[in-house]
Amino acid sequence: DTSGEVELTDDVTEGVAELRETLAQQDSEAEKYAIEFLKKVVRIRGVRITREEFLRQELRKLHMSDDAIASAVDSNPVLAGVSLPDLDKLADGIISFETNKSAAMSFAAGLPGGFAMLGTIPADLMQYYAHALRIMQKLAYLYGWGELLPDGRETDDDTLGVLAVFFGVMLGVGGAAQSLTAFARVAAKTAYQNHATKRALMSITWYPVVKHSLRLIGINITKSTAAKGFSKIVPVIGGFVSSGLTFMALQSQSALLKEHLREIPPPGLSVEEWDQH
């Protein structure tokens, strides 16, 4: 009599389907949580870097003329004649400056309600994301990208998608580096500022990488905070930032992002033009 086996198989199949559904729901919740979290972090005073001010301040360290600096702001530092070794030195200085900042320094000062607005998220995790967002903007601007977080408007989902892929590169998410390269290539053919990113975001590799990166962020935050409804999501994320190790992690992850950004042509430049520099 094999009816018992059939019943068992049906039970197992049903159990696997339920498990898949539960995991998919948890993944979706983690992604949404990450989006809401990042939108709040971006609003904290000091997180948003103004591209023009930042470039002027950094390029003065290279004793460039006002005209050359203006040209770098209008186009990008490489096209204005700054060598990659000079940019690398500035980038290393930025990573060192941001990662050595005191973890006690509160970005929450500019946020109504301070950390309360972000629930029970530990201060050092908040520090990690605040500093990581500052670093990714600064590195992007040095290596030729346009404004990542335009001032005076809410951060939309497309912008968060780009930031999520930057995070993905820092965290070693499979496909993130290739997705960022592909995005830069597509954005080069369209006006970067209005990158409603229809063409870039339609690329097959893009959405899975955005979702994977957001999921990592969402799971890590909730794992660290044991927020309601997420306490069951406790996978071990190898190499990901955990409380207390934030700045050690940030140093190595920022170096990963720097290495990738210096290799790929920024939006607006072809591979050939970038390689000539």
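Residues numbered from 1 in each chain as written. Predicted model: local features only at pLDDT ≥ 70, side-chain atom pairs only at ≥ 80, totals over all residues. Heavy atoms only, no water.

> Sorry, what's going on with helix α6 (residues 157-170) here?
Given 3.6 residues per helical turn, the α-helix brings residues three or four places apart onto the same face. If you check α6, its first and last C-alpha atoms are 20 Å apart, about what 14 residues at 1.5 Å a residue would give, namely 20 Å. The complete set of buried residues in α6 reads Thr159, Leu160, Gly161, Val162, Leu163, Ala164, Val165, Phe166, Phe167, Gly168, Val169 and Met170. Immediately downstream of α6, the backbone of Gly172 shows phi near 70°, a positive value. (Helix = DSSP H or I, 4+ residues; strand = E, 2+ residues; numbered from the N terminus. Expected span 1.5 Å × (residues − 1). Buried < 20%, exposed > 50% of the residue type's maximum accessible area, 1.4 Å probe, protein only.)

> How do you make sense of the packing of helix α2 (residues 51-60) against helix α3 (residues 66-74) when you look at a structure like this?
Two packed helices can be described by the angle between their axes and the distance between those axes. Remark: α2 packs on α3, axes separated minimally by 10 Å, with the N-to-C direction vectors making an angle of 140°. Taken as axis vectors, α2 and α3 run oblique relative to one another. For the pair α2 and α3, the crossing hand works out as right-handed. Here Arg51, Glu52, Leu55, Arg56, Leu59 and Arg60 of α2 come into contact with α3, specifically with Ile69, Ala70, Ala72 and Val73. (Axes fitted to C-alpha atoms, helices over the stretch in contact; angles between N-to-C directions. Parallel < 35°, antiparallel > 145°, perpendicular 65-115°, else oblique. Left-handed = near helix turned anticlockwise from the far one by under 90°. Contact = heavy atoms within 4.5 Å.)

> I'm lost on the side chain of Thr181 in this one. Help?
With respect to the element layout, Thr181 can be found in helix α7 (residues 176-189). With relative accessibility at 17%, the residue Thr181 sits in the buried group. Setting aside residues up to four positions removed in sequence, Thr181 forms contacts with His260 and Ile264.

> Is there a simple way to explain the pattern of salt bridges in this structure?
Side chains that differ in charge, positive against negative, can pair when their charged atoms come close. For the structure shown, the criterion picks out 10 salt bridges. One salt bridge in this structure joins Asp92 and Lys258, with 2.8 Å as the shortest N-O distance. Of the two residues, Asp92 sits in helix α4 (residues 84-100) while Lys258 sits in helix α10 (residues 246-263), which places them 166 residues apart along the sequence. We note a salt bridge from Arg134 to Glu98, for which the minimum N-O separation is 2.9 Å. Taken together, the positions of Arg134 in helix α5 (residues 123-142) and Glu98 in helix α4 put the pair 36 residues apart, joining distant regions of the chain. Given a relative accessible area of 11%, Arg134 falls into the buried group. A network of salt bridges, in which partner residues are shared, links Asp27, Glu31, Lys211 and Arg215. (Salt bridge = Lys/Arg side-chain N within 4 Å of Asp/Glu carboxyl O.)

> Quick question: what am I supposed to make of the nonpolar core here?
Generally speaking, soluble globular proteins have nonpolar side chains that are buried together. Judged by nonpolar contacts, the single largest core of 67 residues is most densely connected at Tyr129, Leu142, Trp145, Phe166 and Phe167. In terms of residues, this core owes the most to one element, α5, which gives 13 residues. Excluding residues that lie within four positions of it along the chain, Leu142 makes contacts with Phe54, Leu55, Pro77, Leu87, Leu90, Ala91 and Ile94. (Core = buried A, V, L, I, M, F, W, Y, C linked by side-chain atoms within 4.5 Å.)

> How should I be thinking about the packing of aromatic side chains in this particular structure?
The full count for this structure, using the stated rule, is 5 aromatic pairs. Measuring from ring centre to ring centre gives 5.1 Å for Phe37 and Tyr129, while their planes differ by 85°; the resulting arrangement is edge-to-face. With Phe37 in helix α1 (residues 3-42) and Tyr129 in helix α5, this residue pair connects regions lying 92 residues apart in the sequence. Under the relative-accessibility criterion, Phe37 is labelled buried at 3%. Centre to centre, the rings of Trp145 and Phe166 are 5.3 Å apart; their planes meet at 75°, and the pair counts as edge-to-face. Of this pair, Trp145 sits in the loop between α5 and α6 while Phe166 sits in helix α6; the two residues are 21 residues apart in sequence, bridging distant segments of the chain. Residue Trp145 shares its accessibility class with Phe166, and that shared class is buried. (Phe/Tyr/Trp six-rings, centres within 6.5 Å; stacked < 30°, edge-to-face > 60°.)

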